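# An overview of the molecular structure
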Amino acid sequence: MTMQAEIVKPWFTGLQSRIVDRLEAFDGVAFRADGWERPGGGGGLTRVIEDGNFFERGGVNFSHVTGDAMPASATAHRPELAGRRFEAMGVSLVLHPRNPWCPTVHMNVRCFIAMAEDKAPVWWFGGGMDLTPYYGFEDDVRHFHATCKAAVLPWGGEAEHRRLKDWCDRYFFLKHRNEPRGVGGLFFDDLGADGQTDFDTAFGLTRSVGEAFLDAYLPIIERRKDIAYGERERDFQAYRRGRYVEFNLVFDRGTLFGLQSGGRTESILMSMPPIVKWRYDWHPEPGSPESQLYDIFLKPRDWA
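All of the points below concern the structure found in this document. Remember, it's a predicted structure, so these values are computed and weren't measured experimentally.

## Overview of the nonpolar core
The nonpolar side chains of a soluble globular protein tend to be buried, and buried together. Grouped together as the largest cluster of nonpolar side chains are 69 residues, with contacts concentrated most on Phe12, Ile19, Leu23, Phe55, Phe125, Met129 and Phe213. When residues of this core are assigned to their parent elements, the largest contribution, 13 residues, is made by helix H5 (residues 199-224). Trp36, Ala88, Trp124 and Phe257 belong to the second-largest nonpolar core, a separate cluster that totals 11 residues.

## Considerations on the environment of Leu259
Among the secondary structure elements, Leu259 is positioned in helix H7 (residues 253-260). Residue classification places Leu259 among the partly exposed residues on the basis of a relative accessible area of 41%. Residues Leu259 and Pro97, spaced 162 residues apart in sequence, show a C-alpha to C-alpha distance of 25 Å. In this structure, Leu259 is in contact with Thr265 and Ile268, ignoring residues within four places of it in sequence.

## Topic: the sheet that holds strand E9 (residues 184-191)
Read across the open sheet, the 7 strands follow the order E1-E2-E3-E4-E5-E6-E9; overall the sheet is antiparallel. Lying at the two open borders of the sheet, with one neighbouring strand each, are strand E1 (32-37) and E9. Taken pair by pair, the neighbouring strands of this sheet meet at an average axis angle of 5°, ignoring direction. With 11 bridges joining them, strand E4 (residues 85-97) and strand E5 (residues 104-116) adopt antiparallel strand pairing. Paired with Gly90 across the strands is Arg110, a residue of E5. Contacts from helix H3 (residues 138-152) reach E5, strand E6 (119-132) and E9 within the one sheet, and its direction differs from that of E9 by about 30°. Running at roughly 165° to E4, helix H6 (residues 231-250) makes contact with strand E3 (55-67), E4, E5 and E6 of the sheet.

## Quick look at the pairing of E5
Of all the 13 residues making up E5, 12 are buried; the element is thus mostly covered by neighbouring parts of the structure. If you look at the hairpin formed by E4 and E5, you'll find 6 residues sitting between the two strands. Examined bridge by bridge, E5 and E6 share 12 bridges and lie antiparallel to one another. Its bridge partner being in E6, Cys111 is matched across the sheet by Phe125. The antiparallel hairpin formed by E5 and E6 contains 2 residues in its connecting segment, where Asp118 sits at a positive phi of about 65°.

## Details of the pattern of salt bridges
If you walk through the whole model with that rule in mind, you get 24 salt bridges. A salt bridge links Arg224 to Asp140; the shortest N-O distance between them is 2.8 Å. Here Arg224, found in helix H5, pairs with Asp140, found in helix H3; they are 84 residues apart in sequence, far enough to count as distant. Asp140 sits in the buried class, given a relative accessible area of 4%. For Lys225, the salt bridge goes to Asp226, with nearest N and O atoms at 3.2 Å. Lys225 sits in the partly exposed class, given a relative accessible area of 28%. Taking the relative accessible area as the measure of exposure, Asp226 reaches 64% and is therefore exposed. Through salt bridges with shared partners, one network takes in Glu56, Arg234 and Arg241.

## A look at the side chain of Glu290
Inspection of the secondary structure puts Glu290 in helix H9 (residues 289-297). On the accessibility criterion, Glu290 (5% relative accessible area) is buried. Polar contacts involving the side chain of Glu290 include one to the side chain of Arg232, which spans 2.6 Å. Setting aside chain neighbours within four positions, we find Glu290 in contact with Tyr135, Arg232, Phe236 and Pro284.

Conventions used here
Residue numbering note: each chain is counted from 1, following its sequence as written. Only residues with pLDDT of at least 70 get local features here, since the model is predicted, and only at 80 or more are side-chain atom pairs given and counted; chain-wide, interface and lining totals rely on the full set of residues. To obtain the side-chain values, all non-hydrogen atoms of the structure were included, while hydrogens and water were left out. Here, nonpolar core refers to any group of buried Ala, Val, Leu, Ile, Met, Phe, Trp, Tyr and Cys residues whose side-chain atoms link them within 4.5 Å. The buried label goes to any residue with under 20% of its type's maximum accessible area, the exposed label to any with over 50%, and the partly exposed label to all in between, with areas taken from a 1.4 Å probe on protein chains only. Numbering of helices and strands runs from the N terminus; a helix is a DSSP stretch of H or I covering at least four residues, while a strand is a stretch of E covering at least two. Residue contacts are counted whenever heavy atoms from the two residues lie within 4.5 Å of one another. The rule for pairing is simple: two strands pair if DSSP sees at least two bridges between them. Here an angle of 0 to 180 degrees is reported between the N-to-C directions of two axes, which are lines fitted to C-alpha atoms, with helices fitted over the stretch in contact. For this document, the term salt bridge refers to a Lys or Arg side-chain nitrogen within 4 Å of an Asp or Glu carboxyl oxygen. Residues adjacent in sequence count toward polar contacts only when both atoms are side-chain atoms; beyond that, a polar contact is any pair of N or O atoms within 3.5 Å, and within protein one must be able to donate a hydrogen and the other to accept it.

Set out below in structure tokens:
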């Protein structure tokens, strides 16, 4: 079983283009295109929007980097690969709407190859997507999860969806806060690393997840984009965005890999929201719209 990089890379770059085209059509403002090269090998293309008509900030990044030694974040669960040369590529996006009634979203699909002299290359795929609402709507969460589930079913059925859904709930969890980042979705990693999953299956699942993103997210923001909001909603949105920042800087594997591998900092940190607030020991008023996020939505459950 071999990694067919010549097939994978064009799909990644095509996915980035297709997603940006649809997001530009939705927002009405063009994404900036910023190509970059990494001194240690490789480079990428960052597509970013700031102060759009709908998106306050967002980015859809493609990167393809190489290096002489795997970063610690990539070998923490695979110590036997420490010191190997590596090649990594993928698409990662984060979108922060201005309207607090519309959720933040993240999606990532990626692959790695670890190489060493006189040893067979080890490759794997990873990825997923997750939704982070500020004011939850059950219809929206069910739609997002149903779309995620439909993307996985052809590649392992109900059991595989359950595995990736539960993995997402565990992964996007702020241990120091004892709370989820959002309402979950899908997460997977190391797919193919053990040699038990063939390339066609691993790449097939990855493609299915990436291609499902627009169908999972666009109907939600289309429904909610015109709901009126005021200072109260924006203030709560800024407070909850703080949790997003905490997760990305403390736990997120992609952020840590990018920083540890000498990636482009501006592109890595495009996931950060533009306006964030922290408060000391704040809690929402019981029965308020803000408390519903905690009472109803930040509790993992079967949404689809």
